[in-house]
Every structure is written in C-alpha cells, then in structure tokens.
Amino acid sequence: MEGPGATAHQPHGRLRRTLGVSVVEGMFSEVFTACAGATVLTAWAIALKLGPFLVGVMTALPFFAQFVQFPAAWLTGLFGHRRVALTAVCLSRVVMFPLAVLPWLGLPFESQQRLLLTVAGVSAALSVVGNNAWVAWMGELVPRAVRGRFFGRRTALTTLAGTLASLCAGLLLDRLRPAGGVGVGVALPLLALGACVLGVVTTLLMASQHDPAPPGTTPPLELKGALVPFKDDNARRVLTYQVAWNAAVGVSAPFFALHSLQNLKMTFVIMALHAAAVAAVRILAAPLWGRMIDRCGAQPVLMACSLGIGVIPALWLLPTAGTLWPLLFDVLLAGALWSGHGLAIFELPLAVAPRKNRPFYLAAFATAGGLAYAAAAALGGAIAAALPTQFTLGGHTWVNLHVLFVLSSVARLCAARLTARISEPGAHPARSVGALMERLMPRPIPAQRTALDK
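None of these values were measured; they are calculated from a predicted model.

## Observations concerning the overall build of the chain
- Within the chain one finds 20 helices and two strands.
- Counting every position in the chain, which comprises 454 residues, the buried fraction comes to 52%.
- Of all intrachain contacts in the chain linking residues separated by at least 6 positions in sequence, the fraction that spans at least 24 positions is 85%.

Here it is, written out as structure tokens:
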C-alpha cells in the first residue's frame, strides 16, 4: 500500500547517489557484524565460560530487545527516519568499546560475564531502534517497483564484504588464540575495537544519504495507530507467520555455532570458510530472488524458501567431528533459500503496511517475531541444559543439541504452511505447492510461427 510519498518526486541523480552510498554503507555494516556478530559473541561466551542457557539468552538478546519496537516507532515518527537511524545505529556500535578494554579493567570473572551480557543487551536494544527507523527510511526512499532488484544487488555485495571480513576475523581468532584456549586473549578485544571504528564509519556514510520524507512531511503517528496492525486481517496473518516461524528458528539457531565449536571441533577458520561458502551461494542467488520478487511478489518467494529451509536443521544430524562433508548440502540450501527468505520478509511488511502507520506496522511485525524467537531460544537453551550432553539412541550416539535441530525442522515445516494464508497487495499469492511452482517457474517463450504453420 504505497502512498504518494516523496519517493516519486526525488531527483533521479540524487536518488541514484544515495542508493549507491547505501550499498557501500551496507558493506561496512557487514564488516561490523563480522567483528561483533553471533559467532564472535559465541567466542566471547566460551572465553568467559557461559553455559548453554546463557549462550542461548545472549544470542537471543537482539530478539528480546524487540520490546522497544513501539517506543522506536514513536521516536521515528517524532524525530524522523534519518535522525533516529543515525543516532541509534551509531550508539549501538560504539557501545562495544568496554569489551575492547575488558582485559585491562581488572574486573572479577563474574563481573566480566555480566559486562558481556550488558553490552550485548544495550547494543541489541539500540539496534532495534535504529533498524525500525532505517527500514521506514528505506520504504520512503526506494521505489517499490525496483525494491527487489535493488536489495537483491545490495544483499549480494554486502554479503561479499561480510564474508571476506568473517574470514579475516576467523584467522585472527585462530592465530591469536590464548595459550591453552583459556581466557579472552587479544583477538576478541581487537575485534571489539574494530567494531567501534566501523560504527563511526557507517554513521558517516549514512549521514551522506538524504531522507525524502524528513520530519513534518509524513502523516503524523497517532498512539491508537499502534493497535491498527492487530486489527488488520492481512497484517494479523503476517504476524501469525512471524511468531510461528521465528519460534521455530529460535529454538535451534543460537546453537549452531556452539555445536560447530564444541561437538564438531571446527576451528574459527573452518567456520569462516563454511560461512564464506554459504555467502557465495547467497551472492549468486540474491539478484535472482530480487527479480523474482519484482515479477511474482514476495509471498510466493517466502512460501518456497520457508518450505525449503524447513529441512536444513535436520541436515546437521549428519556431520561429525571427522565427517564434515554433509555440510555441503547446508551450504547450498542455506545460501540459496535464506537469501530469498531475507528479501521476501523485508519486502512483504513494506507492501502490507500503509504509509501513515508504517513504523507501527514494522514495530508489530518485528516485536511479534523477535519475542517469539527470544522465548524459543531460551527454551532451547533450557532443553539442552536439561538433556545429557551425549546419549545413545538406535545404536547411534547423539548430542543434546541434535534434539533441538529435530524440533526446529518439524516446527519450520509447520510454520511454512502459514504463508499460504498471506495476501500481498498488488500481487497474486500462491495457495498451494502446485500454484507456487506455476508462479515461480519461468514461463516458456512461445515458438515463432513459420510460414508452414499459418
């Protein structure tokens, strides 16, 4: 439901420059993630000896932080997309500085653990505020007709930058591993310092992008608008999917890195190479999914990718510490399908949300999905902690995290079925697998008739 926003009136040259800077800013943002993302936070957790439950809680903090989505929407409406995004994104990244100096603070071990959780939590909350404003900003800035293609290309390039940065971070973590593998060492504080520097760089790049709808030019937000998404039938269907899907993903997602390090005995470099291979597939797939979204709509792409992603956790039952080759299937499926899913789940809320209350719609979608993920992650951590670390079933030895992978796979397939109920404005949704194949498969080009055919 695109209103007649400022996007249509933007000078073409200015828009092109802003979108180009947005791509560069996104690439540096991915480098920041390589320095302070889930894998590095898991390394911090291992160094500070957090157990499975606290690992699950820490990696779920970005989703617990969705509680601040509605205050974030209010701030976005009050001060404008650009101003809120710049402030919140910058603070969410430079707040990593205490971790950069942690070894020299002389804190007791328990205080170091609390500081890690506090920094991760504050960064997550500020990121939520910044992301709400940034997505609303992009909804005004990027014309709907080209969103799929633009974000497909942007995703490919940012993924490439993030992949190279992750490889460098993995090498740094392995080369500067502390003696005996115990303690924080030097690599983790260096990565935290790099994250702070990148926070400044990305803020400067964002500051050079214009806002086509500065404060005072968008319809004012009303407090009662916070309830509108819950009264909108189609928005409720998206909310239902978000809750079910994120819960299904959350029960296992925080533990893949932990499983890789502790049970599969992967080094940080091998983990980075695995991530690089997934990213390479994403780079190839993202532009294709982007064009498909522009042609068919986001809902059919979301359905296809959700169904395929449902089998991915089950693949992690196959590799062992000495047999990692089954992860090649994970590389292909995760790279191709998560690429399309990410683009579709970004576009669909923008298509469903009316311009006037868009920040509240985005807040509702993110809050519902984020809290479901956080609760499921905490539940997954509790289940893993309650189960024996290893057990035998059917003559095979399993670990506690395998149970979470099976639960997640079944739950994802169930959640994927909910996509059939979603209606996308301006598109024709797929209601069955048969309709899905018909929508996504390229249409054959009719052969030209010859003189003999006439």
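## Looking at helix α17 (residues 327-352)
- For α17, with 26 residues, the first-to-last C-alpha span of 36 Å sits near the 38 Å given by 1.5 Å per residue.
- Summarising burial for α17: 19 of the 26 residues are buried, a large majority.

## A few points about helix α18 (residues 358-386)
- Its 29 residues place the ends of α18 42 Å apart at the C-alpha level, agreeing with the 42 Å of an ideal helix rising 1.5 Å per residue.
- By the criterion of burial, α18 is predominantly enclosed, with 21 of the 29 residues buried.

## So, the pairing of strand β1 (residues 390-393)
- Sheet analysis places β1 next to strand β2 (residues 396-399), joined by four bridges and oriented antiparallel. If you follow glutamine 390 over to β2, its bridge partner there is valine 399.
- Between the antiparallel neighbours β1 and β2 lie two residues, among them glycine 394 with a positive phi of about 65 degrees.

## Comments concerning the side chain of threonine 367
- Following the sequence through the fold, threonine 367 ends up in helix α18.
- If we ignore the near neighbours within four places in the chain, the residues touching threonine 367 are Gln66, Gln69 and Phe70.

## Some thoughts on the pattern of salt bridges
- Per the stated rule, a full pass over the model turns up two salt bridges.
- Among the salt bridges present, the one from arginine 154 reaches glutamate 25, with a minimum N-O distance of 3.3 Å. With a gap of 129 residues between them, arginine 154 in helix α9 (residues 147-175) and glutamate 25 in helix α1 (residues 12-36) connect regions that are remote in the sequence.
- Residue class for glutamate 25 comes out buried when judged on its relative accessible area of 4%.
- Note that arginine 149 and aspartate 294 form a salt bridge whose closest N and O atoms lie 3.0 Å from each other. Of this pair, arginine 149 sits in helix α9 while aspartate 294 sits in helix α14 (residues 268-296), and the two are 145 residues apart along the sequence.

## Quick notes on empty space enclosed by the protein
- Enumeration according to the criterion identifies two cavities of 30 Å³ or more in this entry.
- Here the second largest cavity defines a volume of roughly 40 Å³.
- In terms of lining, the second largest cavity is formed by Arg147, Gly148, Phe151, Ile293, Leu343, Phe346 and Glu347.
- Going through the elements one at a time, α9 and α17 are the ones with two or more residues in the lining of the second largest cavity.
- When the residues that make up the lining of the second largest cavity are grouped by side-chain class, the tally is four nonpolar, one polar and two charged.

## Some remarks on the state of the cysteines
- Tallied over the full model, the rule gives zero disulfides.
- Take cysteine 168: it sits in no disulfide, and the sulfur closest to it among the cysteines is that of cysteine 35, at 9.3 Å.

## Some remarks on the packing of aromatic side chains
- Inspection of every chain in the model, using the stated rule, returns nine aromatic pairs.
- Centroid distance phenylalanine 256 to tryptophan 316: 5.0 Å. Interplanar angle 55 degrees. Geometry classified as tilted. With phenylalanine 256 in helix α13 (residues 256-262) and tryptophan 316 in the loop between α16 (312-315) and α17, the pair connects residues that are 60 residues apart, well separated along the chain. One exposure class covers both phenylalanine 256 and tryptophan 316, and it is buried.
- For the ring pair phenylalanine 256 and phenylalanine 405, a centre distance of 4.6 Å and an interplane angle of 5 degrees mean the geometry is stacked. Of this pair, phenylalanine 256 sits in helix α13 while phenylalanine 405 sits in helix α19 (residues 400-416), and the two are 149 residues apart along the sequence. As far as the burial class goes, phenylalanine 256 and phenylalanine 405 line up, both buried.

Rules used in this analysis
- Along each chain, residues carry numbers from 1 onward, in the same order as the chain's sequence is written.
- Two thresholds apply to this predicted model, a pLDDT of at least 70 for residue-level local features and 80 or more for giving and counting side-chain atom pairs, whereas whole-chain, interface and lining totals are computed over all residues.
- Hydrogens are left out, water is left out, and the side-chain values use all remaining heavy atoms of the structure.
- Comment: elements are numbered from the N terminus, with helices defined as DSSP H or I runs of at least four residues and strands as E runs of at least two.
- Three exposure classes are used, based on accessible area relative to the maximum for each residue type with a 1.4 Å probe and protein chains only: buried under 20%, partly exposed in between, and exposed over 50%.
- Residues are treated as being in contact if the distance between any of their heavy atoms lies within 4.5 Å.
- Expected span of a helix, by definition, is 1.5 Å for each gap between consecutive residues, and there is one gap fewer than residues.
- Criterion used throughout: strands pair if DSSP finds at least two bridges between them.
- Salt bridges are counted wherever a side-chain nitrogen of Lys or Arg sits within 4 Å of a carboxyl oxygen of Asp or Glu.
- Residues are said to line a cavity or pocket when one of their atoms sits within 4 Å of a point; the points come from a 1 Å grid over protein atoms alone, cavities being sets where a 1.4 Å probe fits but cannot get out and pockets being open sets with protein on both sides within 12 Å along at least five of seven lines.
- Grid points are joined across faces, edges and corners, and a volume is the space filled by probe spheres set on the points.
- Residue classes follow a fixed rule: Ala, Val, Leu, Ile, Met, Phe, Trp, Tyr, Cys and Pro count as nonpolar, while Asp, Glu, Lys and Arg count as charged, and any other residue, Gly among them, counts as polar.
- Note on disulfides: each one is a pair of cysteine sulfur atoms within 2.5 Å.
- Put simply, two rings from Phe, Tyr or Trp (the six-membered ring, in Trp's case) pair if the centres are within 6.5 Å, and we call them stacked under 30 degrees between planes, edge-to-face over 60, tilted for the rest.

Interpretation in functional terms is not warranted from these geometric data alone.
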